[in-house]
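Fold and geometry: a report
One-letter residues, chain by chain:
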Amino acid sequence: MDGARSCSRSRHSRLNHRDISSSTPSYKVETESRGNNKVDILIIDDDEGEGEDMKEQLLASNRNSEKRLNHEQHDVDQTEQREFESMKGQEAIPTNKAAFKNHPLYVIPSMMKKQEVLAPDAKRRISGIFKGEMVYRRSDVSMAFPAKKWLYQGRKVIEKELPKPAKIIKARKKPTLKGFQTLSTYGVMLGKQEDSLKDVDSSLQSEEDANTKLYGIWQTIRWSPPYVGPNDPIPVNEHNNVELALLNPGLAHVELYRIAKVAKQLGIPYAPCLIGFEGHGGNRTPTIRGIVVHRHNVDLLNEAHVEMQSQLVENEVKERQQAIYGRWKRLIKGLLTRDRIAREYAND
């Protein structure tokens with residue numbers, strides 16, 4: 001086919017083929033997947049040199065379709081606004097404070113949950129006042145999370161937003177140790193009073209640092225763990241392990257019996273893998289299972305692990321054989337000893 005170029009569009013665009021007359025060159029449409037979008041490729045059989053005219057017609061039709069979609073999206077937004085206004089008219093603002101809890105349309109700050117925050121521009125859409133409190137829309141309320149937790153959701157707090165959290169809450173208290181705990185001084189003042197006051201100030205400062213800073217979604221951007229190359233070191237956290245939920249591209253999680261021993265024998269760099277936590281409340285303990293290695297070392301590790309397993313099986317067989325031989329040896333020795341003693345003391 002001598003054919004011509006293709007005209008592509010995203011899955012939200014549409015090609016208007018009704019503007020093309022039957023006298024135009026023949027064509028066909030093929031669909032390809034590019035990332036998360038589906039793209040239609042138009043292939044024109046341009047034996048008579050008329051493909052360029054068709055291309056221009058299709059491009060113009062595609063631009064008109066995009067304008068129409070934008071206009072339709074604007075109409076949808078206006079429709080949602082009208083629906084909210086109609087629901088607002090049908091359901092008035094609650095007259096008691098308890099009714100604001102989990103209300104589908106309205107919310108007041110005093111009835112919001114611990115991790116809920118208002119959008120920065122929520123004051124532009126105030127619906128009323130209830131006993132001195134502003135009444136906001138429920139749609140302006142969203143969940144806020146610490147900077148670390150946003151990473152698990154594929155988002156990262158913007159650097160300049162870190163000193164400006166949307167909300168600060170008290171951190172969860174650490175569980176107290178059970179049993180009798182001895183004091184280092186048993187109530188005896190060993191230093192000066194000034195030193196003791198400094199210790200009090202430092203403890204208060206540590207309590208302030210223990211507060212949890214929460215950030216709204218508008219303070220974050222999309223994020224994914226950076227790629228780790230074959231020669232790059234394996235990034236670990238402050239506990240020298242890698243979290244499976246934040247596994248970098250280029251790394252792989254290998255969970256096999258005694259795989260860490262195999263990696264150590266081969267000299268392959270690895271790090272323990274944290275797959276989660278077990279327990280409830282303050283008694284949660286980390287669960288370490290398997291190791292994290294560079295992806296290009298996975299096949300080598302698997303082969304070495306198979307050899308190690310076969311070697312372990314052989315060693316177990318040998319150990320069992322030796323144990324069986326040892327028991328037979330003790331039995332035979334016992335029988336011979338009993339026979340010898342019986343012969344020696346038979347006359348007695």
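This text follows the structure it describes.
All figures in this text were calculated on a predicted structure; none of them were measured in a lab. (Residues numbered from 1 in each chain as written. Predicted model: local features only at pLDDT ≥ 70, side-chain atom pairs only at ≥ 80, totals over all residues. Heavy atoms only, no water.)

1. Here we look at the pairing of strand β14 (residues 271–278)
Looking at chain direction, strand β12 (residues 242–243) and β14 are connected through 2 bridges and run parallel. When the bridges of β14 are listed, Glu243 appears paired with Leu274. Here 6 bridges tie β14 to strand β15 (residues 285–294), and the two strands are oriented antiparallel to one another. In the strand pairing of β15, Phe277 is matched with Pro286. (Pairing = 2+ DSSP bridges. Helix = DSSP H or I, 4+ residues; strand = E, 2+ residues; numbered from the N terminus.)

2. Quick word on the packing of aromatic side chains
Under the definition given, this model contains 2 aromatic pairs. Measuring from centroid to centroid gives 5.1 Å for Phe145 and Trp150, while their planes differ by 85°, and the two rings are edge-to-face. Across this residue pair, the class does not change: Phe145 and Trp150 are buried. (Phe/Tyr/Trp six-rings, centres within 6.5 Å; stacked < 30°, edge-to-face > 60°. Buried < 20%, exposed > 50% of the residue type's maximum accessible area, 1.4 Å probe, protein only.)

3. A closer look at the layout of surface pockets
The calculated volume of the second largest pocket comes to roughly 240 Å³. Lining the second largest pocket are 13 residues, and of these Lys148, Pro235, Val236, Leu246 and Asn248 lie nearest its centre. When residues of the lining of the second largest pocket are traced back to their parent elements, those giving at least two are α2 (147–152) and β12. The residue inventory of the lining of the second largest pocket, partitioned by class, reads 8 nonpolar, 3 polar and 2 charged. (1 Å grid on protein atoms, 1.4 Å probe; cavity = no way out; pocket = protein on both sides within 12 Å on 5 of 7 lines; lining within 4 Å. Points joined across faces, edges and corners; volume = space filled by probe spheres on them. Nonpolar A, V, L, I, M, F, W, Y, C, P; charged D, E, K, R; others polar.)

4. What to know about the sheet that holds strand β5 (residues 128–130)
Pairing is antiparallel across the open sheet formed by 3 strands, whose spatial order is β3-β6-β5. Each having just a single partner strand, β3 (106–107) and β5 make up the two edges of the open sheet.

5. A short note on unusual backbone geometry
The backbone phi angle of Lys131 is positive, close to 50°, even though this residue is not glycine. By secondary structure assignment, the location of Lys131 is in the loop between β5 and β6 (133–137).

6. Let's talk about a nonpolar patch on the surface
A cluster of nonpolar side chains, namely Ile324, Tyr325, Trp328, Leu331, Ile332, Leu335 and Leu336, defines an oily patch on the protein surface of about 740 Å² accessible area. Inspection of the secondary structure puts Leu336 in helix α5 (residues 298–344). (Patch = residues over 30% accessible without salt bridge, like charges linked within 9 Å, V, L, I, M, F, W, Y side chains within 5 Å. Areas by Shrake-Rupley, 256 points an atom, 1.4 Å probe, with all protein chains shown as cover. Salt bridge = Lys/Arg side-chain N within 4 Å of Asp/Glu carboxyl O.)

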